[in-house]
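Next come the chains, spelled out residue by residue.
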Amino acid sequence: MAMQTLTQRLANPTRFMALSGRILPWISGLACVLIAAGLYMAFTAPLDYQQGHAAKIMYVHVPAAWLALLGYALVAASSFGLLVFRHPLADVSAKAAAPIGAVFTFLCLVTGALWGKPMWGAFWVWDPRLTSVLILFFLYLGLIALRSSIENESLAANLTAILGLVGIVMLPVIRFSVDWNSIHQQPSVSRFGMPAIHPSILWPLLVMAAGMFALFAALHLKAMRNEILRRRVKALRLAEVQSASGLAQQAAE
Amino acid sequence: MDLGPHAAFIWASYAVVALVLAGLATWLALDGRHQQRLIDELDARGIRRRSDRGRGQT
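This one's a predicted model, so the numbers in the text were calculated from it and none came from an experiment.

## Regarding the overall build of chain A
Here is step 1: What chain A contains, in helices and strands, is 8 helices and 0 strands.
Here is step 2: Each helix and strand of chain A, placed in order from N terminus to C terminus, yields the pattern α-α-α-α-α-α-α-α.
Here is step 3: Overall size of chain A, expressed as C-alpha extent along the three principal axes, is 85 × 35 × 35 Å.
Here is step 4: Taken across its 253 residues, chain A has 36% of its residues classed as buried.
Here is step 5: A fraction of 77% describes how many contacts in chain A between residues 6 or more apart in sequence connect residues 24 or more apart.

Structure (structure tokens):
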């Protein structure tokens, strides 16, 4: 028992509910504190020498972009956990992460458009980076649609997991799309060597990103808890129907 | 706060992020409350999972 890994110990949904119920308020609180601090730092940070105030959109756009990718990595890792290890919570995690990842991808696209208009003169251009993120958004929607279109829950989970794993090819495409004749700027933080941003702008960005990461974690935990409850309701209704049909059979005999 | 000539774009960005994330959090909170209410109703009718029958809980 002492050699059990954390994922093995959390394989029991009841244990997961107890643990997640204890840590959820702390993660939510941490997210609120970090986002409040990040907002203060973002609005008091020095102006960008080229873009001026418009660069403040970066403090919401960049964390949303990182979480769009992280959300998909989580969907793919959970899908792998379902298909390879048959982990009981893997499908719950994948199902919970997809709509949250889609929301952050949507926010990345919208804030990018609102940043693009004043800087590039257009809300949208069919640029490799923008187009690949749009495809990621459609991939998220495809995962959600595929799952909801199949009534058999086990089949839906397996097919969605296969699509989730295949779709991971989009992550390196998005990462390297800025090298393919793109007008989108090169990575400034997540690059080899030191970040190319001055610390006075980098720190507010990192604090906002930490707050958004904590918020993503809180939303994902809450969505997983909801999904476990939804499956319990389904199991209880099935038990009710089986109990009623058993009684009817006894009465007939 | 003066945010220069592009203030509308900056405020719109922050507003859409705040509204969408608040909407998502509210939806998740309401969904969780709804599922818990359904379980409580089934529990009140005496419907329990086989694994819980011995322990007297849902």
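## Re helix H6 (residues 153-166) of chain A
Residues and elements named next belong to chain A.
Here is step 1: End to end, H6 covers 20 Å across 14 residues, agreeing with the expected 20 Å (1.5 Å per residue, within 8%).
Here is step 2: Residues of H6 that are buried: Ala 157, Thr 160, Ala 161 and Gly 164. Taken around the axis of H6, the buried residues stretch over an arc of 105°, which confines them to a single face. Across H6 from its buried face, at more than 90 degrees, point the exposed residues Leu 155 and Val 166.
Here is step 3: On its buried face, H6 is in contact with helix H3 (58-85), helix H4 (90-120) and helix H5 (128-149).

## Section: the interface of chain A and chain B
Here is step 1: Taken together, the 29 residues of chain A in the interface contact 25 residues of chain B.
Here is step 2: Of all the secondary-structure elements, those providing two or more residues to the side of chain A that touches chain B are H4 and helix H8 (199-252) of chain A.
Here is step 3: Among the elements that take part in the side of chain A that touches chain B, H8 of chain A stands out by supplying 14 residues, more than any other.
Here is step 4: For the side of chain A that touches chain B, the per-class residue count stands at 18 nonpolar, 4 polar and 7 charged.

## What to know about the environment of Asp 179 of chain A
Residue and element names in this part refer to chain A.
Here is step 1: Looking at the element boundaries, Asp 179 is found in the loop between helix H7 (170-176) and H8.
Here is step 2: Owing to 10 C-beta atoms within 10 Å, Asp 179 belongs among the exposed residues under this scheme.
Here is step 3: For the pair Asp 179 and Pro 128, spaced 51 residues apart in sequence, the C-alpha to C-alpha distance is 8.8 Å.

## Points about the packing of H3 of chain A against H4 of chain A
All names here are of chain A.
Here is step 1: At their nearest, the axes of H3 and H4 sit 7 Å apart, and the two run at 160° to each other. One way to sum up the angle between H3 and H4 is to call them roughly antiparallel. Relative to H4, the crossing made by H3 is left-handed.
Here is step 2: Split by residue class, the contact of H3 with H4 holds 19 nonpolar, 10 polar and 1 charged.

## Thoughts on unusual backbone geometry
Here is step 1: With a phi angle near 50°, Arg 86 of chain A is a residue other than glycine that sits in the positive phi range.
Here is step 2: Summarising the element assignment, Arg 86 of chain A is placed in the loop between H3 and H4.

## As for the nonpolar core
Here is step 1: Among the nonpolar cores identified, the biggest contains 66 residues, and Ile 57, Ala 68 and Leu 215 of chain A are the most heavily contacted of them.
Here is step 2: For this core, the elements supplying multiple residues, two or more each, are helix H2 (13-44), H3, H4, H5, H6 and H8 of chain A together with helix H1 (7-44) of chain B.
Here is step 3: Among the elements that make up this core, the one with the highest residue count is H4 of chain A (15 residues).
Here is step 4: Setting aside its immediate chain neighbours within four residues, Ala 68 of chain A contacts Gly 101, Phe 104, Thr 105, Cys 108, Val 133 and Leu 136 of chain A.

## Topic: the confidence of the model for chain B
It should be kept in mind that the predicted coordinates are not to be read in detail where pLDDT is low.
Here is step 1: Per-residue confidence for chain B gives a mean pLDDT of 86, with 84% of residues at or over 70.
Here is step 2: On the interface metric, ipTM, the complex scores 0.88, and its pTM is 0.90.

## Overview of the packing of H5 of chain A against H6 of chain A
Residue and element names in this part refer to chain A.
Here is step 1: Following both chains from N to C, one finds H5 and H6 inclined at 165°, their axes separated by 9 Å at the closest point. Relative to H6, the element H5 is oriented roughly antiparallel. When the axes of H5 and H6 are compared, the crossing they make is right-handed. The segment H5 lies against H6, with Gly 142, Leu 143, Leu 146 and Arg 147 engaging Ala 156, Leu 159, Thr 160, Leu 163 and Gly 164.
Here is step 2: In terms of residue class, the contact of H5 with H6 is built from 5 nonpolar, 3 polar and 1 charged.

Each value, and the rule that gives it
- Residues numbered from 1 in each chain as written.
- Chains lettered and ligands numbered in written order.
- Predicted model: local features only at pLDDT ≥ 70, side-chain atom pairs only at ≥ 80, totals over all residues.
- Helix = DSSP H or I, 4+ residues; strand = E, 2+ residues; numbered from the N terminus.
- Buried ≥ 20, exposed ≤ 12 C-beta atoms within 10 Å, placed from the backbone.
- Contact = placed C-beta atoms within 7 Å.
- Expected span 1.5 Å × (residues − 1).
- Arc of directions from axis to C-beta.
- Nonpolar A, V, L, I, M, F, W, Y, C, P; charged D, E, K, R; others polar.
- Axes fitted to C-alpha atoms, helices over the stretch in contact; angles between N-to-C directions.
- Parallel < 35°, antiparallel > 145°, perpendicular 65-115°, else oblique.
- Left-handed = near helix turned anticlockwise from the far one by under 90°.
- Core = buried A, V, L, I, M, F, W, Y, C linked by C-beta atoms within 7 Å.
- pLDDT = per-residue confidence, 0-100.

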